[in-house]
Amino acid sequence: MEYLSTRNKSVKVAASQAIVKGISDEGGLFVPVQFPEINIDKLKELATLGYKERAKYVLSLYLTDFTKQELDYCVEGAYADGKFSSTEIAPLYNLKDSFVQELWRGPTCAFKDMALQLLPYLLTVSASKSAKDKKIVILVATSGDTGKAALEGFKDVKNTKILVFYPNDGVSPMQKLQMTTQEGENVSVCAIKGNFDDAQSGVKSIFTNKEIAEKLAENNMQFSSANSINWGRLVPQIVYYISAYCDLMKNGKINAGDKINIVVPTGNFGNILAAYYAKQMGLPVNKFICASNKNNVLTDFIKTGEYDKNREFYTTSSPSMDILISSNLERLLFEIFEKNDEEVKKCMTSLSENGKYVIPKDVHQRLLEDFDAGCCDDTQTLETIKETYEKENYLLDTHTAVAVKVFNEYVDKTGDKTPTVIASTANPYKFSKSVLCAIAPDEKVEDEFDTVDAISRISGVECPTQLATLKGKKPRFTQICEKSEMVEVVFNMLGI
Ligand SMILES: *Cc1c(COP(=O)(O)O)cnc(C)c1O
């Protein structure tokens, strides 16, 4: 399987190169030349297997320059016993008429672990093929969860260094504490004065700067990305949607071949794109429902065909979705433009020059065949957490609550009874303040861990150990920089 760039189809690379490079030189993203097929018989067969075996199979279709031994090594390492708090890795929870897929059972309590536990393995194996002996420098821009998941995945991985930039006022206290207390010899963390979009464009421009790349090369180093622009982030995410379908079949909730809906709380469009890719492979899906918070640029785009980031940026209770420039949408455009790289390039140029673009009517129509969208504000988010807790005795985090709310509205609007999987992206304790405010607004608390204790006392839901033990831990990383200082911070960290 070869990969080409969304902005220049003549750029063709192997999977391992796509993973090491992260982004194509001209700024495009790597996408598979075509999608491998997975038929119903294969799904039935996968339904009899565990998560790791399902993962090995799906990965083998895409990472064709990896040997079977290499894939076994990567998958067994990433999802080894004890790393995830469920032996099923990504279990389904039956919430009313829908199925919540708990994707946050990994070490950092967000769905990012599903891919970022695997990525370091994929990257080191890839580097051994195409970038021998070079030190890989991972730069990450995070809206909160990617940063910690990447740090945890890459900590003390040989021949790698990792540097995370996060928006100083744009992450939850638990997310900040998780990152600033990170252990490991090869890690570094820096806050920036700006929002996630600033961090992401800063990192992207460092990646595509030739002079910086040359300076790294002189020092036998090379950049790569752990953000969802990296193909190595997306491919592990395709696995869990296929796995959810297998589980539904196995448990008799659907018959083989039945269609399902998939609802995803969306920011950078990586998670929902992976679900769309699963459908391109043959997974029977009726609709993808894209759920946004008050930063509803994607809702508007899906409804109207116009993407316009020229709008107010809001800091919300679901910070991991506070994004106005959704990177992976570029990959969806490439598919709905029927792989026309020139058209994608035009849109992306218009986005960077004018902050907006419009897709033609027929292309928009194609989009609407697969996608529906909705958004909700913080008040509705908290109401949804409260209602779900009181009526169903199930605690949602703020991001998943956005998805549940948008899904409920979709059902009211359409009457669609298709069995539905809702991607649950974080453990509620990562956003304790909002969760407590939803379930017990009158509770008096002093600080973050008071809040944690109150939630646990009231709900009886235990706080994951890896979060509870952050209490009292002293931050290692306290640097805050201006957007314009990011390059300097990178060079300082690398000592070059
Ligand atoms: C990253 C994140 C999202 C958004 O996922 P995308 O792939 O960026 O669309 C949603 N919820 C949580 C908790 C996240 O960490």
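Treat the numbers as computed from the prediction; the structure is a model and nothing was measured. (Residues numbered from 1 in each chain as written. Predicted model: local features only at pLDDT ≥ 70, side-chain atom pairs only at ≥ 80, totals over all residues. Heavy atoms only, no water.)

A. Just the sheet that holds strand β10 (residues 260-265), in detail. A sheet is described by the order of its strands in space; here six strands give the open sequence β4-β5-β15-β10-β11-β14, paired in mixed fashion. Looking at strand neighbours, the two that pair on one side only are β4 (92-95) and β14 (371-375), the edges of this open sheet. Each strand of the sheet is rotated relative to its neighbour by a mean of 25°, with strand direction disregarded. Against the sheet, helix α12 (residues 270-281) makes contact with β10, β11 (285-292), β14 and β15 (420-424), and its axis sits at roughly 175° relative to β11, the strand it touches most. On top of the sheet, helix α16 (residues 361-370) reaches β11 and β14; it is set at about 100° to β11, its chief contact. (Pairing = 2+ DSSP bridges. Helix = DSSP H or I, 4+ residues; strand = E, 2+ residues; numbered from the N terminus. Axes fitted to C-alpha atoms, helices over the stretch in contact; angles between N-to-C directions. Contact = heavy atoms within 4.5 Å.)

B. Broad picture of the pattern of salt bridges. Per the counting criterion, the structure on display carries 29 salt bridges. Across the pair aspartate 370 and lysine 279 runs a salt bridge, and its minimum N-O distance is 2.6 Å. Separated by 91 residues along the polypeptide, aspartate 370 in helix α16 and lysine 279 in helix α12 bring together distant segments of the chain. Salt bridges sharing partners connect three or more residues here, namely Lys52, Glu53, Lys56, Lys68, Asp72, Glu76 and Asp81. (Salt bridge = Lys/Arg side-chain N within 4 Å of Asp/Glu carboxyl O.)

C. The arrangement of the nonpolar core in detail. Among the nonpolar cores identified, the biggest contains 113 residues, and Tyr62, Leu63 and Ile242 are the most heavily contacted of them. Ranked by size, the runner-up nonpolar core spans 38 residues in total, among them Trp104, Cys376, Ala401 and Val435. (Core = buried A, V, L, I, M, F, W, Y, C linked by side-chain atoms within 4.5 Å. Buried < 20%, exposed > 50% of the residue type's maximum accessible area, 1.4 Å probe, protein only.)

D. Main features of α16. Among the residues making up α16, those that are buried are Val363, His364, Leu367 and Asp370. What you see down the axis of α16 is that its buried residues fit within an arc of 115°, all on one side. Among the exposed residues of α16, those pointing more than 90 degrees away from its buried face are Lys361 and Glu369. Residues of α16 that are buried in the fold lie against α12, β11, α13 (297-304), α14 (329-336) and β14. (Arc of directions from axis to C-beta.)

E. Structural context of the site of the ligand. Taken together, 15 residues lie near the ligand, and Lys112, Asp145, Gly267, Asn268 and Thr425 sit nearest. Take aspartate 145: an N or O atom from its side chain is 2.5 Å from an oxygen atom of the ligand. The separation between an oxygen atom of the ligand and a polar main-chain atom of asparagine 271 is 2.9 Å. Bound to the protein, the ligand loses 98% of the 380 Å² it would expose on its own. In terms of residue class, the shell around the ligand is made up of five nonpolar, eight polar and two charged. (Near = heavy atom within 4 Å. Polar contact = N/O pair within 3.5 Å; in protein donor to acceptor, adjacent residues only side chain to side chain. Areas by Shrake-Rupley, 256 points an atom, 1.4 Å probe, with all protein chains shown as cover. Nonpolar A, V, L, I, M, F, W, Y, C, P; charged D, E, K, R; others polar.)

F. Region of the structure containing the packing of aromatic side chains. One pass over the structure, following the stated rule, counts 18 aromatic pairs. Ring centres of phenylalanine 35 and tyrosine 277 lie 4.8 Å apart, and the angle between their planes is 45°; on these two criteria the pair is classed as tilted. Highlighted residues: phenylalanine 35 in the loop between β3 (30-32) and α2 (40-47) and tyrosine 277 in helix α12, separated in sequence by 242 residues. When sorted by exposure, phenylalanine 35 lands in the same class as tyrosine 277, which is buried. Taken together, the ring pairs connect Tyr3, Phe35, Tyr62, Trp231, Phe269, Tyr276, Tyr277, Phe288 and Phe371 into an aromatic cluster. (Phe/Tyr/Trp six-rings, centres within 6.5 Å; stacked < 30°, edge-to-face > 60°.)

G. Representation of the sheet that holds strand β6 (residues 135-141). Within the open sheet, the five strands sit side by side as β9-β6-β7-β8-β16. Their pairing is parallel. At either end of the open sheet lies a strand with only one pairing partner, and these are β9 (221-225) and β16 (480-482). Between one strand axis and the next, the sheet turns by 30° as a mean value, whatever way the strands run. Taken together, the six bridges between β6 and strand β7 (residues 160-167) define a ladder with parallel strand orientation. Bridge pairing links valine 137 to lysine 161 in β7.

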